[in-house]
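Examination of the molecular architecture
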Amino acid sequence: MKWNLRWIAARRDIWRPTDLLAAFREVGFNPSLSKVAALWGGVPVTVRLYDLDRICQTLGCTVADLLEAEPLTGHGSTEQLETRTAVGDDRPVPVRPTVRKDGPRRLSPPN
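Here we summarise the structure given alongside this text.

The rules behind the values
Residues numbered from 1 in each chain as written. Predicted model: local features only at pLDDT ≥ 70, side-chain atom pairs only at ≥ 80, totals over all residues. Heavy atoms only, no water. Helix = DSSP H or I, 4+ residues; strand = E, 2+ residues; numbered from the N terminus. Buried < 20%, exposed > 50% of the residue type's maximum accessible area, 1.4 Å probe, protein only. Contact = heavy atoms within 4.5 Å. Areas by Shrake-Rupley, 256 points an atom, 1.4 Å probe, with all protein chains shown as cover. Arc of directions from axis to C-beta. Salt bridge = Lys/Arg side-chain N within 4 Å of Asp/Glu carboxyl O.

The subject of this paragraph is the overall build of the chain. On a plain count of helices and strands, the chain comes out with five helices and four strands. Each helix and strand of the chain, placed in order from N terminus to C terminus, yields the pattern β-α-α-α-α-α-β-β-β. Taken over 111 residues, the chain has a buried fraction of 22%. Considering only intrachain contacts with a sequence separation of at least 6, the fraction spanning at least 24 residues in the chain is 52%. Carbon and sulfur atoms make up 55% of the accessible area of the chain, which totals about 9000 Å².

Following this line, the structure appears as structure tokens:
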């Protein structure tokens, strides 16, 4: 997913996280400055639906404007989880976990 918060905010002439925080407070949404800076500075791992609704209300946009689906490239694709057989068969074979030869891993107490 592509996070377009800065692009949408720029359309409303909001260029800094502090300006965005002031706009949030106008609609009654009061996140901390650190939370706004985290949303501003990168792609959030999770966003609460309530927060997403308030962000869209503040910026006059839709969820589809903020979150844009991107095709999977490189990491995280299913091609990395599959191997091919050496016989020339092009059908993918799923990778299966192997059993530990030394038994289950046991953590020792701290002392």
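It is worth spelling out helix H3 (residues 33-41) at this point. Of all the positions in H3, only Val36, Leu39 and Trp40 are classed as buried. Summarising the axial view, the buried residues of H3 lie within an arc of 100°, below the 170-degree limit, and thus occupy one face. Opposite its buried face, H3 presents the exposed residues Ser34, Ala38 and Gly41, each directed more than 90 degrees away. Contacts from the buried residues of H3 go to strand E1 (2-3), helix H1 (5-11), helix H2 (17-26) and helix H4 (49-59).

The next subject is the pattern of salt bridges. This structure, assessed with the given rule, holds two salt bridges. The salt bridge involving aspartate 51 is made with lysine 35; its shortest N-O contact spans 2.5 Å. Pair noted here: aspartate 51 is in helix H4 and lysine 35 is in helix H3, with a separation of 16 residues, a long-range link. Judged by its relative accessible area of 34%, lysine 35 is partly exposed.

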